[in-house]
Structures are given as C-alpha cells and as structure tokens.
Amino acid sequence: MSTTDTYEPSIAQSKGELLDSGEREYMLDVRTQDMEVNMGPQHPATHGVMRVLIRCDGELVTGAQPHLGYLHRCAEKIGENVEWLQYLPYTDRYDYLAAMNNNLGYSMAVEALMGIEIPRRAMMLRTICAELNRIGSHLIAIGTYGLDIGAITPFLYMFREREWMMALFEKICGARLTYSYIRIGGVFNDAPPGWLSEVEAFCDTFEVKWKEYYDLLMQNHIFVQRTANIGVISREMALDFGLTGPMLRGSNIDWDLRRDTPYELYDEIWKDKAFEIPLASGEKGTLGDTWDRAWVRVMEMMESIKIVRWCLDKVEPGPIIAEIPKTLRIPPGEAYVGIENPRGELGHYVVSDGGKIAVRCRVRGPSFANLAVLEELMPGTLLADAIAIIGSTDIVVGETDR
Amino acid sequence: MDFQVIYDRIRSIKAPGVIGCDEPREPNPEDKKDKGRFGDSFVLVEPERLPEFLECVRDDALLKFELMADLSATDPSKDDENLWINVQLLSLTHKHRLAVKCFLPKANPVMPTSAPVHRGAQWAERECGEMYGITFEGHPDPRNILLPEDWIGAPMRKDYEYPEEYHGISCK
C-alpha cells in the first residue's frame, strides 16, 4: 500500500458519473489522500489468481490496473510442441468451467482444415454437452456473483444443480471438470444406456429450479440495489473493446455466434425456432449495467435447456466419430474458428504445414478481451461497487492467462 | 458477403495498404510435392498501414468490420524471414468475417499500434509484443501483460532459447 499527496478532484469530476439522485455528490467535497490498494492476487472475488491495482480517493475509485499472468501456463507454446490429438486435454484447462466448449472449439478448428464430415449423432451429443456445460458455467457465474456481493444462499442452490450436471458428464466421459470428451472427428464415447432420459429429467427439474434463482436472486431488492446502474457499458464501448457473449448482449447488441455464424446443428435449431437470444433492456436501471449482464446469463440458461430438449427429441442412433487415423497429419493451411463459449467468442486459429504438429495454435479467449474493459469501467465508481463490476465480467483467470 | 465480394469492395474503396489476397486451393495432381492450401482466405496488408486499413474497413458502410475479434502473431518457421500478424475482424451488421495478415520482417519487427482504432487491440498487442518481440509504435501502455516485466527473450519465437534459471529457480 502506498500513498501520494497529490489530490486531483478533477479526476473524480470528469470520470465519475453522478446519478440523477445525486447520491455520490458528497464524495467530491471530501478532501482525502490518494491510496493504492492491491486487490488480489488472492482475493475471493477475482475467482482465480489475478491482481487489480486500484487507486482510491477515499471511497471513490480513480484508477484500476489489472495485472495478469499468475496462471500463465504457455498453452499456445505447448500447442506448437505436441501432436494435434495430444493438445486436446490442454484445451480443457484454460476455461475450466466450460471445458466442453473448449474441446468443441479446438476440434472444429482442426476439422475445418481437414474438411471431414461429422456424424449426425456426434453433433447431437456435442450440442447437448456444450449446452449443458453452458448451464453449468452460468450457474457458477451467477452463483459466485451473488456470493461476491453478499448473497450466499443462491450460490448453494446453484451448486446443487451443477453437481447433477457434473454427474451427468461423469457418466458419459468419466471426468467431472476436464472432460476431453469432444474429439477431433466426433465424440469419444457414446451415451450410456439411460443417459439421455436422465438428461431429460435434469431439464424437467432445472426448469422448476430456474424460477427459484430468478425470484430469489435476480428480483431480490438488495441484489438489484447493488447491481443496477453500476458499471454501465455503452454500445460503442462494447464494440470498441471487442467484447463478446453476454457482455455484448448485456448492452443490447443482438449478436450470438450460434445464430449469426451458425456451426454444427445450430442453424437447424434456430430455423426450428427452438431458442431465442435474450437481450438486455435496462429493466432495473441503465442499459448495459451489471444487472443486465447477470440477467442475460440467467435467461440464457433457459435457452440452453430448450436447445438440449430439441436435441433429445431428434437424436437417433448412429456412428459417433468419423474415421480418422491415429496419427493425424493435417493438410497445410490456416483456419480461424470462433464459437459461442459461455463467456463469448472462443476463437482457435490453427496453422498447419502438413505435419503432425501445429505450426501455430492461437487461442482467443473471451475472458481476456472482456477483462480489458475494467480499466475503463472502474474509475468513478465506489470501491464496494468494484467487486460488483469484476463479478459481472465473469472472467475465468485460467483463460485470460492461458 | 463471401470473401470475394468483400475483397472486391476493399479494392474498389482503395483501402490503404492492401497488397493482395490468398485463397485456399486444391493440390495440383501433377505435382506430387504440392499439397495445396486449405482453410480460410485472407487479405494481405502492409504492416505500416494496418491501423489505417482497419479504420477504413470499420467505417465503410458495406464492410462495417466494427469488432476486432483477435490480433496475434505467428512465427511460421525458424528459417522464415517474416513474422505474420493475424487479425480477425467481425462485422455484426453484415454478419461476415475477414482474416487479415501482415508480413513483418524479423530483422526489424516494428509496426504502428492499432489501439486508437480498436481499443481492444491494446491488450492483444501487449501480449503479441511480449511473446514475439514486436514493438508497437505509439502504444499507450507497452508493458508485459502475461510475462514478468524482467523476462528475457520472446518465448513464442521458434528460435527461442529456454532459460536455464529464473531468479535462482532452475528451469531445467
């Protein structure tokens, strides 16, 4: 902790956006010393090892500087040193809350170079797993978000449902967190007998429980007071920072890769009108505030349930993986494939020279781009609101650092 | 819009710095060494004029590449003289993508920053700069982002030599 003697009220005046009610006006009259506070590297609200250097003027944040790299594990460098199939387990480990989606993104990028056709049942299983994982990821996002700002009970409720989801994954692939289930060419294991009906039972129960989360947390007066009108991201700002996923839809930008650049079966699902894209409308405060982003995530869970139900309805027996050799030699070329991860666009850029090992395996993690917005959002808010803003970006530090 | 239409438009508005384009092609059956090229098409741009190019395609009404999804670099091989700068652009208005590539000589890896055009490029360039030893001129905050401040060398280069120790910790 260090202090400086300079006092610049102009920073607060220019950056701080006062509410119409004038709630924060008194902050400008208080003469204080600037103080630098380290939030992290071990802080419960950063969900991983990340440090945010916050400059405070009393209770008012005048600057925030995220420091990353504590979890850097050289994923991209490893990608250039192991074979194509061997890299798959590493993809589990950047966004460990949505490992299925990571597997899918990497597999699709390699498949784009190979130009192979995926069996329909494999695509069904992929979609079911990716959407179930999206639900699990959003449950954590919303649950820990409530926890960060003081609501402990919903967190416990949400972990209960996530536990069921993880048990489902355990049955289909044996792992609870790092699945490596979606492989290049398909999936590695067929659904065990009775698994699909269990997924259906999960959907039935989840729809009932979802209402609980909505009432208990999203409509909770204290939660709304803590999150509305805070951390407002405007439309222009969202585009400028390259935000994707719920961060973009939270600012009412109608964009979802599943619909707009369709991959796998999503084109068919969308044409069947099986799901919608929830868009924030500024219901509880300003458009693009932290409550809006949390709301988008909560609503998306229901849409994922609808997609899973569509797949359960249509799934048929068949092969689950395309014929691929044990040692893959990928044709030379380069491909970028972006898919809709729970946090936004997960892009894989792979370059091959025709050999067994990738020349380049770039990962565009959505959390990395989404986190950059902190530098801009935090100045002008209160220190207590800083937690609400960090939580609303829903970062996974494993992915920002890779 | 598909790639050809986008490229024609880029040509017709005379977007700055465009050198050419590269499209995937099938292998030549007569030449056994030719394996063809698969994957995406991309536009080749001079690295010195990349920010101008990005601004031009962002503001053009028919292209509208308003979101920069990714900026990264590639070291194709030890013997290659150039690094690649790969930019992935996305248009939310017209729902199309564009891959942009620049060849940046390894001998002098300096290019202007794109941060004033896309604020999201600021962090991407910090990562790209530290990993490949590229200097982005005019960058507002050119510190390391994932690596420690005192890290030596550019780890993602193909000719990178692994350190033997770091602050007394053996790396062997």
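For every chain, the first residue of the written sequence is number 1, and numbering continues from 1 onward in sequence order. Here the convention is simple: chains get letters from A, ligands get numbers from 1, in the order in which they are written. Per-residue local features of the predicted model are confined to residues with pLDDT of at least 70, and side-chain atom pairs are confined, for both listing and counting, to 80 or more; whole-chain, interface and lining totals are unaffected and use all residues.

A. The arrangement of the overall build of chain B in detail. Runs of E in the DSSP output that reach at least two residues are strands. Runs of H or I that reach at least four are helices, and both are numbered from the N terminus. The secondary structure content of chain B amounts to 3 helices and 10 strands. With respect to the three principal axes, the spread of C-alpha positions in chain B is 55 × 45 × 25 Å. Pairs at least 24 residues apart make up 53% of the contacts formed inside chain B by residues separated by at least 6 positions. Note that contacts rest on C-beta atoms placed from the backbone: two residues are in contact if these are within 7 Å.

B. The pairing of strand 6 (residues 96-105) of chain B, seen in detail. Residues and elements named next belong to chain B. Being paired, for any two strands, means DSSP has found at least two bridges between them. Taken together, the 2 bridges between strand 3 (residues 42-45) and strand 6 define a ladder with parallel strand orientation. Residue pairing in the sheet places Val43 in a bridge with Val100 of strand 6. Both strand 5 (residues 82-91) and strand 6 contribute to a ladder of 10 bridges, which runs antiparallel. Note on strand 6: the bridge partner recorded for Val87 is Val100. Counting the residues between successive antiparallel strands, the hairpin from strand 5 to strand 6 contains 4 residues, one of them, Lys95, with a positive phi of roughly 55°.

C. Molecular detail of the sheet that holds strand 3 of chain B. Residue and element names in this part refer to chain B. Across the sheet, 5 strands lie side by side as 1-3-6-5-4; this open sheet has mixed pairing. Pairing within the sheet leaves two strands with one partner each, and these edge strands are strand 1 (18-22) and strand 4 (67-74). Looking at each pair of strands side by side, their axes are set apart by 25° on average, direction ignored. In the sheet, strand 4 pairs with strand 5 via 7 bridges, with the strands oriented antiparallel. Paired with Ala73 across the strands is Ile85, a residue of strand 5. For helices, the fitted axis covers only the stretch in contact; all axes are lines through C-alpha atoms, and the angles between them, taken along N-to-C directions, range from 0 to 180 degrees.

D. Just the pairing of strand 8 (residues 344-352) of chain A, in detail. All names here are of chain A. With C-beta atoms placed from the backbone, the exposure class of a residue follows from how many other C-beta atoms lie within 10 Å of its own: 20 or more, buried; 12 or fewer, exposed; in between, partly exposed. The buried fraction of strand 8 amounts to 9 of the 9 residues, a majority that puts the element mostly inside the structure. Pairing analysis gives 9 bridges linking strand 7 (residues 333-341) to strand 8, with the strands arranged antiparallel. Directly across from Glu334, in strand 8, lies its bridge partner Val351. Between strand 7 and strand 8, which pair antiparallel in sequence order, lie 2 residues. Pairing between strand 8 and strand 9 (residues 360-364): 5 bridges, direction antiparallel.

E. Main features of the packing of helix 7 (residues 195-218) of chain A against helix 13 (residues 290-314) of chain A. Residue and element names in this part refer to chain A. Running from N to C, helix 7 and helix 13 cross one another at 160°; their axes reach a closest spacing of 10 Å. The angle between helix 7 and helix 13 falls in the class roughly antiparallel. Remark: the crossing between helix 7 and helix 13 carries left-handed chirality. The residues of helix 13 that touch helix 7, namely those facing Leu196, Val199, Glu200, Cys203, Phe206, Glu207, Trp210, Tyr213, Tyr214 and Met218, are Ala294, Trp295, Val298, Met301, Met302, Ile305, Val308, Arg309 and Leu312. All amino acids are sorted into three groups, where Ala, Val, Leu, Ile, Met, Phe, Trp, Tyr, Cys and Pro are nonpolar, Asp, Glu, Lys and Arg are charged, and the leftover types, Gly among them, are polar. Classifying every residue of the contact of helix 7 with helix 13 gives 16 nonpolar, no polar and 3 charged. Here roughly perpendicular refers to angles of 65 to 115 degrees, roughly parallel to angles under 35, roughly antiparallel to angles over 145, and oblique to all remaining angles. Take the far helix as your reference; a near helix turned counterclockwise from it by less than a right angle gives a left-handed crossing, and one turned clockwise gives a right-handed crossing.

F. The arrangement of the sheet that holds strand 8 of chain A in detail. Pairing in this open sheet of 4 strands is mixed, and the strands run 9(A)-8(A)-7(A)-2(B) from one edge to the other. Single-partner strands in this sheet number two, and they are strand 9 of chain A together with strand 2 (38-39) of chain B. Relative to strand 2 of chain B, strand 7 of chain A runs parallel, the two sharing 2 bridges. Across the sheet, Glu334 of chain A pairs through a bridge with Gly39 of chain B, a residue of strand 2 of chain B.

G. The arrangement of the packing of helix 5 (residues 120-148) of chain A against helix 6 (residues 153-173) of chain A in detail. Residue and element names in this part refer to chain A. Between helix 5 and helix 6, the shortest axis-to-axis distance is 9 Å and the interhelical angle comes to 160°. It follows that helix 5 is roughly antiparallel to helix 6 by the angle criterion. Our pair here, helix 5 against helix 6, has a crossing hand that is left-handed. Residue-level contacts link Leu132, Ile135, Gly136, Leu139, Ile140, Ile142, Gly143, Thr144, Gly146 and Leu147 of helix 5 to Pro154, Phe155, Met158, Phe159, Glu161, Arg162, Met165, Met166 and Leu168 of helix 6. Grouping the amino acids of the contact of helix 5 with helix 6 by side-chain chemistry returns 13 nonpolar, 4 polar and 2 charged.

H. Expanded view of the domain arrangement of chain A. Residue and element names in this part refer to chain A. Start and end points for every domain follow an automatic or database-based domain assignment. You can read the domains of chain A as domain 1 (2-67) and domain 2 (75-391). Counting residues at the interface gives 18 residues for domain 1, matched by 16 residues for domain 2. For the side of domain 1 that touches domain 2, the secondary structure elements donating two or more residues are strand 3 (51-57) and strand 4 (60-67). Considering every element that reaches the side of domain 1 that touches domain 2, the biggest residue donor is strand 4, with 7 residues.

I. Representation of the interface of chain B and chain A. In this complex, chain B contributes 31 residues to the contact, which on the side of chain A involves 36 residues. The set of elements that each furnish at least two residues to the side of chain B that touches chain A consists of strand 2, strand 4, strand 5, strand 6 and helix 3 (121-132) of chain B.

J. The arrangement of the confidence of the model for chain B in detail. Put simply, chain B has an average pLDDT of 87, and 100% of its residues get 70 or more. Scoring the predicted complex yields pTM 0.86 and, for the interface, ipTM 0.89. Across the chain, each position has a pLDDT score giving the predictor's confidence in that residue, from 0 to 100.

K. Region of interest: the nonpolar core. Under the definition applied here, buried Ala, Val, Leu, Ile, Met, Phe, Trp, Tyr and Cys residues are grouped into a nonpolar core through C-beta atoms within 7 Å. Core analysis: the biggest nonpolar cluster contains 158 residues, and Met100, Val110, Val350 and Leu374 of chain A together with Val57 and Leu89 of chain B have the highest contact counts within it. Broken down by element, the residue count for this core peaks at 14 residues, all from helix 5 of chain A. For this core, the two domains that each supply at least three residues are domain 1 (2-67) and domain 2 (75-391) of chain A. The residues contacting Val57 of chain B, other than those within four sequence positions of it, are Ile10, Ala15, Leu63, Phe65 and Leu89 of chain B.

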